[in-house]
Structure formats: structure tokens, C-alpha cells
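Each chain is listed here by its residues.
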Amino acid sequence: MTCRRLVLPVLCLLLAVLGTAGQAQAVGYRYWSFWDRDATSNTWVYATQGPSTARPSDGDVQGFRFSVSEDSKDSAKPRGAADFATICAKTPAREGSKRVGLVLDFGTTADAPSGSTPPRPRTACARVDDDATTADALAAVAKPLRYDTNALLCAIAGYPTTGCGEPVADDRPKASASPGEEAENNSADGDGKGGPSVGLLAGIAAVAALGAAAVWQARRRRD
């Protein structure tokens, strides 16, 4: 009886750990993510500032991707070419201004709001004043922009027409990966097969250890 009293709570705790892990992955958010292109590694890096405060330099490339994700760790990267020389080939330099290459990825139908069809990804070269922000560069080449009352970027080039950062049940197929993105994700997350996280496995191991200790203690008291 003592063993049963000890083991059942441990089993309940194990089920709670598994249940919580599943619930934590149940909701994502539909929004425009903002990226900087690292010229050294030639990869996308999640921006540390918002478009209204970031001030890119001449020759920088920045990207926006519309998708559903839980946070920056699993957010889909912009797809397509991201080379400044290609994006701004037809926009000559001009004194007193700078050129910023922009990659605009409107996402996939899986991430689109109900009834919406995402435009094709495109690039644009914004020529703006030297002190211009990324928001200024966007406004120069991708109007209309839409923001909410908290200055969150809701729409680029009018897409989407409604919604802004709303929660979405994460039961959709995954968005298409960027070229090379799948390899980057696999190297960061192990085999990339969507198995249990390290934290979850550690939690299960800890609960199992507690269960073994409880059984041993119960037998010791009984004997």
C-alpha cells in the first residue's frame, strides 16, 4: 500500500510533464519576422531591433518573412536571393543617401490568414537618407504598410489585409524552408526529425529517478 501511495503520484507527475510539453507547442503567432543578413557567414540572423529603430548602413541586406511560429528560435527565414550586388544592381549610389537591399517573403498558403493568398517573394532596393531607419526603407519600396497601436508591423505591401500577431493553433504543415535553412536547423537541433527536446528528456529522466527512489524507499520500510 505504501509503495502504491508513492508510485502513483510519481506516475501522475510524469504524465503532467508530458502533457505540459505538448501544450507548450500548441500555439504559434502569425506575424512578420525581421532579419539581418550576415555578410560574413552569408546567413540570416534574427534582428535584435525593430524596423522603426534599426538604422542599416549602405550595402546592408535585411529581410522580412510572414509566417506562423512560436518564437524567434523556430521562425521561418526569408527565402530567395539575398545578395546586395544583385538586389541593387540597377540602383546607383548617390551622395547623401544609402542603399538597402530588402528581401520580402510573404510566406506560404499554410501560414496565410483564411481566404488570403500570399504574393510571391520579391526583392527591392531602397535608396533613402543616410539616417533613415529600416521602416523608412520599407515605406520607400513596399507601401502600404500597416502597424498596430503598439507599433508592431502588421502588413507589408498591404499583406495581410487583416490581423496582427494573432495566436494560431499549431496544427498546420510546416512552412517551406529557405535554401540552406533546413541544414542550419538540423545542425542546431540535432537530427531535425522533430523528436523530444533535450529539456523534455531530462525532465522525464528526473521523474523516472524519483519513481525508482520511491519504490526503493517503500520496499526498505516494508522489509
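Residues numbered from 1 in each chain as written. Predicted model: local features only at pLDDT ≥ 70, side-chain atom pairs only at ≥ 80, totals over all residues. Heavy atoms only, no water.

Caption draft 1: Representation of the nonpolar core. Core analysis: the largest hydrophobic core is formed by 20 residues, its most contacted members being W32, F64, L102, L104, L138 and I156. Secondary-structure elements contributing two or more residues to this core are β1 (27-38), β3 (61-69), β4 (97-105), β5 (122-129) and α3 (134-141). Those residues within four positions of L138 in sequence are excluded, and the remaining contacts are F64, L102, L104, K143, L145, L153 and I156. Membership of the second largest hydrophobic core comes to nine residues, among which are W35, V61, C88 and C125. (Core = buried A, V, L, I, M, F, W, Y, C linked by side-chain atoms within 4.5 Å. Buried < 20%, exposed > 50% of the residue type's maximum accessible area, 1.4 Å probe, protein only. Helix = DSSP H or I, 4+ residues; strand = E, 2+ residues; numbered from the N terminus. Contact = heavy atoms within 4.5 Å.)

Caption draft 2: A look at unusual backbone geometry. Cis geometry is found at the peptide bond from K143 to P144, where omega equals 0°. The residue after Y159, namely P160, is reached through a cis peptide bond having omega -5°. You can see P160 is positioned in the loop between β7 (153-155) and β8 (167-169). Positive phi values are uncommon outside glycine, yet A157 reaches one of about 55°. In this fold, A157 is placed in the loop between β7 and β8.

Caption draft 3: Representation of the environment of W44 within the structure. Mapped onto the fold, W44 is located in strand β2 (residues 43-46). Counting along the chain gives 38 residues from W44 to A82, while the straight-line C-alpha distance between them is 9.3 Å. The residues touching W44, leaving out its near neighbours within four places in the chain, are W35, D36, R37, V61, Q62, G63, K77, P78, A82 and V103. A polar side-chain atom of W44 sits 3.3 Å from the main-chain carbonyl oxygen of P78. (Polar contact = N/O pair within 3.5 Å; in protein donor to acceptor, adjacent residues only side chain to side chain.)

Caption draft 4: The arrangement of the packing of aromatic side chains in detail. Counted according to the given criterion, the structure contains six aromatic pairs. Where W32 meets F106, the ring centres are 5.4 Å apart and the plane angle is 80°; that geometry is what we call edge-to-face. Separated by 74 residues along the polypeptide, W32 in strand β1 and F106 in the loop between β4 and β5 bring together distant segments of the chain. For W32, a relative accessible area of 6% corresponds to the buried category. Judged by centre distance (6.0 Å) and plane angle (75°), the rings of F106 and Y159 are edge-to-face. With F106 in the loop between β4 and β5 and Y159 in the loop between β7 and β8, the pair connects residues that are 53 residues apart, well separated along the chain. Summarising the burial analysis for this pair, F106 and Y159 share the class buried. (Phe/Tyr/Trp six-rings, centres within 6.5 Å; stacked < 30°, edge-to-face > 60°.)

Caption draft 5: Fine view of the pattern of salt bridges. Throughout the structure, instances matching the rule amount to four salt bridges. A salt bridge links R79 to D105; the nearest nitrogen and oxygen atoms lie 2.7 Å apart. Residue R79 is located in the loop between β3 and α2 (84-87), and its partner D105 is located in strand β4; the two are separated by 26 residues in the primary sequence. The two residues R79 and D105 agree in class, both being buried. What you see here is one network of salt bridges that share partners, running through R65, R79 and D105. (Salt bridge = Lys/Arg side-chain N within 4 Å of Asp/Glu carboxyl O.)

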